[in-house]
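# Residue-level structural notes
As a plain string of letters, each chain reads:
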Amino acid sequence: MLGVASDPGDGASVSGAGALVPFLPEARGPVVYPLHHGLKPPIARVAISWARGNSLRVSFFRRASGDGSDGDEVGGKVLEVRLNNGDGDISDAQLRRVAYGSVSPFAVLQSRRNSVASLSKISSPYHVEWWEYVMDYSKDINSLLGNPKSLPSPAIEDPQAVLQKVEEPTCLKAAWELMEVFYADKLSQAWLPERLVDWLTDYDSLLSSTQATIHLKVVDFQKELVTLQVIEDNTKYWEVISSALAVGWLDVVVKMLRLHGSYLLDQIGNRETENGLVEAVAVLISKMPRMRPALESGKLGECYKAKPDFIKAWEKWRAQITKLESSAFWVHCDHHRTREGLRNMLQIMLGNINSLCTATCHWIELYISHFLYIRPFTVGLESMYSLAKKCMQLKPMTSSHTLIGLVIGILGDNTEVVLAECSRSFGPWMVAHALELLTAGSDEAETLLQEERYNLGGISIEELHRLVYAQVLSLDALTWQLAPIYLTSCMKQGMGLLEILLSKQPVQHTQILLKIIEICRIYELDSISSNIMKIAGVYHWKHGRKGSGVFWLQQARDEVRLNRIALQLFDSVGQSISDESFKQWEGLIELLGSDSKTAGGLEFLRKYRDFKKSLKQVNDGKTTDVAQQAVESLISLMKNPSTPQRFWLPLLYDSLKLLSWQERPLLNVSQTNLLLNKVQELSMARLRPDFIEAELPPQALGGVRLALATNLGRAILEEK
Amino acid sequence: MAITGGAFPERPQIHRLPQPHYIDAVRWLPQLSAFDRFAVLALSSPSPPQIYSLDPQTLTLAPQSSWAPPSRVSSLRTSRTQTHQPLIAAGTVSGSLHVIFANAVDASMESELSVPEKDLHAGPVSCVDVMDGAAECVSVGEDGRVNLVSVSGSRLGVRRVFDSEGLVSYTAAKWASPTEFVTGGYGFGLQWWDQRRPGGAVSQFKANWAQGTTSGIVHSIDIHPSRKHTCLAGGSLGTVFAWDIRWQQQPIILSGIGTGATHSACESEVWEVQYDRYSKSTNIGNISSSRILPAMICSEDGILAVVEQDEEPIELLAEPCAINSFDIDRENPSEVICSLEWESVVILTRP
């Protein structure tokens, strides 16, 4: 669909009832970039300089305070601001939206590739051609790049609005569509010239940025239209009409022809012949045979699917034009400009090369006019390329445009050039995704892009560009989660880089940490996941969040670190696990759970708590049953190898009451012997230089030994 | 796997609203009138963090008013005061807490009270919850502190209920009654607190199905006003369970892998859980009090679903990216707003 981009700049000049060019209601104001530097005022200095590309580097400096009162406050900050030049350029947020949206189509295509590869040995009757999958993918991606046909049409159609209101198209979309036409859409190969006509209709406006185009001509004329009294006296009117005709904007041409003064009711009487000629041309134009399956509504021409039918219609149509050309009515047409203008149009339709050259502004427009009026059957890249070269000579471009390089690369069948142009003009996103179209294009391109190369470290061009794109994604905190999709599609180095990417993510925030672990789970990277949990565990531990630290180390099953931190934890336990602060420890002990394997050396804490609890009950109530329970806890603690040696004496000292229980001895002979052995071991250990003495009265050990000895005697008597 | 739309003959209407910002949290603002609808979005990078009030009446979210917190918002709640003024409570990653009062007519933000960082938590605020009809908040953090913050005049009064000094970290909180609240944390642990019995949690629950590495973290808690004894929690590994304090250590599992649940709505982190007050046929009064009411969950693997005890989950939304938070409109429970990882908001209107 041909359209004029909404142009807010000219709103004031053509306002009111005569508005011909649709425009956006609000004028484009100055662009404001809010910066969040997060520094406390006062800011002493701001420096601005250029950074890479169209980015500004803004540096904020705080005034250095002499007294050092604000301690850890940073002295300044440097921010990069990316400037968008407003028109045509795509904002970061939009680019991210495209990046998000392209993940699913890409992933679907990769999984289809895998299933096709596994099925290729079995010949299936329901075989779907690969390009059909690529076409689905291409359509999904294309829809992300904006839909220029989405603006609602006004309720009352302006009869003088020649062009329809559309959203500004982007070069990215134009490039994608071009590649789709040439590489993915095998159905359209038969009517490729008409696809190119449509493409130029949609995107000629983009070329206006660097040179004169027919689109620009039409837009300019539309602005003048309101001031013209007798439209057919204006040379520009005929110029614009023939230009629009040359590139096949038939609906625009017919609409403009019907603005001709001879249609006015007060003039139709004395300009009957003239009006007849204008209408005859308009009818001929709207009946133009087109070699294509269908046309959009509102577009003119008659469609033919089969070549013989088309040739027949084409010959008939040309015969009608020739007949009109040699008609006697021209003599009776008094209006000179009309006569000349219409005859020039007939020449264009008959494919007069001089008329076409005059009517078009640059070689692509001339090229398109060739397809329409001279060589509608051009097939094969080779003949298309030689025709393009001829047009370039006839109508060279004044300056280069990003899209033109791509067009030449595609027509020249040069995959490397196409890839280079995509990379240069549209960046890593385009290359990574367009590769799917290129490999679908031809077997040669597929081999070229997928063969492993020694100079790339054994990877293919395809993999290289996916890795580059994944790298770009992983640099942004908002998009790094997309990178795994692309990395896992890389056979050689993808998984290695994915492991690095995941290992390098910050683990401070639990939510992000969990997102990383989830990605590890999806790709079955258990060792990475457990490493990350270890890092998180140590991080939380070091920042005083002991519970979280223990949890993550438990999840990672890191017994070594759990045992090590257990020793540190016991230091604070010795002092603080009094009856009052039990509540604080309760939660941590609950967290440790009953599974001794995941608790490591910390299992001691749980047993110690149980022992302390029953000891407290003994002190409160003094029933023998409770005391017996406390003794069981004590024995299990002393038996357990994870009980640190330095706790032995305090434990025994705390249980003196149990050891010398009045009613009956609570420990049997073997239990007492066990404890006595521990006391002996302890006495030996005290001689070692690294022994840590418990904070107990000096006679504690003696007291315990005496109590044990007494108990042993009583127990022996009891058992007899 | 979840069946799609089993109980709803008509699919909900889904409106996707891409935003140019990452959305940390999203809430409906209590409805002011029948015509105006407002939602609060806590936005973050690359823009400075802001809370926007947006009007989804036309389903084109337009900024209504904004307020810039000192750092990213880590927890967001909305409620209303006794005088029916809408109230927004936000905890930040730097540890500050902010209470914002909105205008009852046009939802513009009128006044803000805050507790500065370090006074409340060392490190981020994990969760805040506002008591219904009273401007009283409970805030918990990974630093192991449990605070009550109440509005007194034009100031915020802070009272520390408990400080585990990092031995236990709390990740979720929810009021059960004017004196009781529940917190959740690591190891699928839940703690029941009663202000009348200070000094620590009154009751503790730890998932004892958690063996080996199947343990996880509670991310969100909800308590139904008519079932104050039952606490609903959602967390890691798609786990959704209910803890009835009358049957101390016996959880009722609604969903989750590795929990022995018959159905599982999702396999990854359940970021948020809320009782789903929207149901067409069943009346809450008819459901036996031992049966858990239907609940809505959102998850890291992009699922928004309604889970019910011993029934197939009903999937409302399956996205290719995480659904980080959602909110069911209290006055009009057919409307759900949720925020996606990929910088967009989705509004669901159920038939």
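Scope of this entry: the structure provided in the associated data block.

About the cut-offs
- Residues numbered from 1 in each chain as written.
- Chains lettered and ligands numbered in written order.
- Predicted model: local features only at pLDDT ≥ 70, side-chain atom pairs only at ≥ 80, totals over all residues.
- Heavy atoms only, no water.
- Contact = heavy atoms within 4.5 Å.
- Buried area = accessible area lost by both parts, 1.4 Å probe.
- Salt bridge = Lys/Arg side-chain N within 4 Å of Asp/Glu carboxyl O.
- Core = buried A, V, L, I, M, F, W, Y, C linked by side-chain atoms within 4.5 Å.
- Buried < 20%, exposed > 50% of the residue type's maximum accessible area, 1.4 Å probe, protein only.
- Helix = DSSP H or I, 4+ residues; strand = E, 2+ residues; numbered from the N terminus.
- Pairing = 2+ DSSP bridges.
- Axes fitted to C-alpha atoms, helices over the stretch in contact; angles between N-to-C directions.
- 1 Å grid on protein atoms, 1.4 Å probe; cavity = no way out; pocket = protein on both sides within 12 Å on 5 of 7 lines; lining within 4 Å.
- Points joined across faces, edges and corners; volume = space filled by probe spheres on them.
- Phe/Tyr/Trp six-rings, centres within 6.5 Å; stacked < 30°, edge-to-face > 60°.
- Lys NZ or Arg CZ within 6 Å of the ring centre and 35° of its normal.

## Thoughts on the interface of chain B and chain A
Chain B puts 46 residues into the contact, and the matching count from chain A is 39 residues. Both faces combined, the contact of chain B with chain A buries some 3600 Å², and carbon together with sulfur accounts for 56% of it. It is Leu167, Tyr186 and Trp342 of chain B that lose the most area in chain B upon contact with chain A, and together they represent 20% of the buried surface on that side. There are 4 salt bridges connecting chain B and chain A. Taking the shortest distance from any N to any O, the salt bridge between Glu343 of chain B and Arg96 of chain A comes out at 2.5 Å.

## Quick word on the nonpolar core
The biggest cluster of nonpolar side chains holds 220 residues, and the ones touching the most others in it are Met179 and Leu257 of chain A together with Leu304 of chain B. For this core, the element with the most residues is helix H16 (residues 415–441) of chain A, which contributes 13 residues. Of all hydrophobic cores here, the second largest spans 16 residues; its members include Ala265, Val270, Ile297 and Ile303 of chain B.

## Observations concerning the sheet that holds strand S12 (residues 136–141) of chain B
Residue and element names in this part refer to chain B. An order of S11-S12-S13-S14 is seen for the 4 strands of this open sheet, with the pairing classed as antiparallel. With one partner strand each, in any of the chains shown, strand S11 (125–130) and strand S14 (155–163) form the two edges of the open sheet. Taken over all neighbouring pairs, the strand axes of this sheet differ in orientation by 20° on average, direction set aside.

## Focus on empty space enclosed by the protein
Scanning the model with the defined rule gives 7 cavities of 30 Å³ or more in all. Roughly 110 Å³ of volume is contained in the second largest cavity. Every residue lining the second largest cavity is counted, 15 residues in all, and those nearest its centre are Gly587 and Leu591 of chain A together with Val168, Tyr186 and Gln191 of chain B. Counting only elements with at least two residues in the lining of the second largest cavity, the list comes to helix H23 (546–555) and helix H25 (582–592) of chain A together with strand S17 (189–194) and strand S18 (203–206) of chain B. Ranked by residues supplied to the lining of the second largest cavity, first place goes to H25 of chain A with 4 residues.

## Some thoughts on the sheet that holds strand S15 (residues 170–175) of chain B
By definition, the strands of a sheet pair up through backbone hydrogen bonds, in either a parallel or an antiparallel sense. All names here are of chain B. Reading across from one edge, S15-S16-S17-S18 is the order of the 4 strands in this open sheet, with antiparallel pairing throughout. Edge positions in the sheet fall to S15 and S18, since each of these pairs with one other strand and no more. For this sheet, the mean inter-axis angle between neighbouring strands, taken without regard to orientation, is 20°. The sheet contact formed by S17 and S18 spans 4 bridges and is antiparallel. Considered in S18, the bridge of Gly189 is made with Lys206.

## Brief notes about the layout of surface pockets
Residues and elements named next belong to chain B. Of the volumes computed, that of the second largest pocket is approximately 710 Å³. Looking at the second largest pocket, it is lined by 32 residues, and the ones nearest its centre are Asp132, Lys174, Asp222, Arg277 and Arg330. Of all elements in the fold, only strand S3 (22–28), strand S7 (73–80), S11, S15, strand S19 (218–222), strand S23 (270–275) and strand S27 (323–328) reach the threshold of two or more residues within the lining of the second largest pocket. When residues of the lining of the second largest pocket are assigned to their parent elements, the largest contribution, 4 residues, is made by S7.

## What to know about the pattern of salt bridges
Once their charged atoms are close, side chains differing in charge can pair, the charge on each being opposite to the other. All names here are of chain A. Applying the stated rule across the entire model yields 42 salt bridges over all chains. With a closest N to O distance of 4.0 Å, Glu180 and Arg195 form a salt bridge. Here Arg195 lies in helix H4 (residues 192–207) and Glu180 lies in helix H3 (residues 171–184), a separation of 15 residues in the sequence. Between Lys299 and Asp251 there is a salt bridge; the shortest N-O distance is 3.7 Å.

## Quick word on the packing of aromatic side chains
In total, this model carries 25 aromatic pairs over all chains according to the counting rule given. When the ring of Trp130 of chain A is compared with that of Tyr133 of chain A, the centres are 5.8 Å apart and the planes differ by 70°; the resulting orientation is edge-to-face. With Trp130 of chain A and Tyr133 of chain A both in helix H2 (residues 130–144), this residue pair falls 3 residues apart, about one helical turn. Residue classification places Trp130 of chain A among the partly exposed positions, given a relative accessible area of 23%. On the numbers, 6.1 Å between centres and 40° between planes, the contact of Phe221 of chain A with Tyr237 of chain A is tilted. Here Phe221 of chain A is found in helix H5 (residues 214–225), whereas its partner Tyr237 of chain A is found in helix H6 (residues 235–246), with 16 residues between them in sequence. An aromatic cluster of three or more residues is present, and its members are Phe162, Tyr170, Trp175, Phe181 and Trp193 of chain B. One Lys or Arg, Arg45 of chain A, reaches over the ring of Phe61 of chain A and ends 4.7 Å from the middle of that ring.

Honestly, that's just the spatial picture; any functional story needs more than this.
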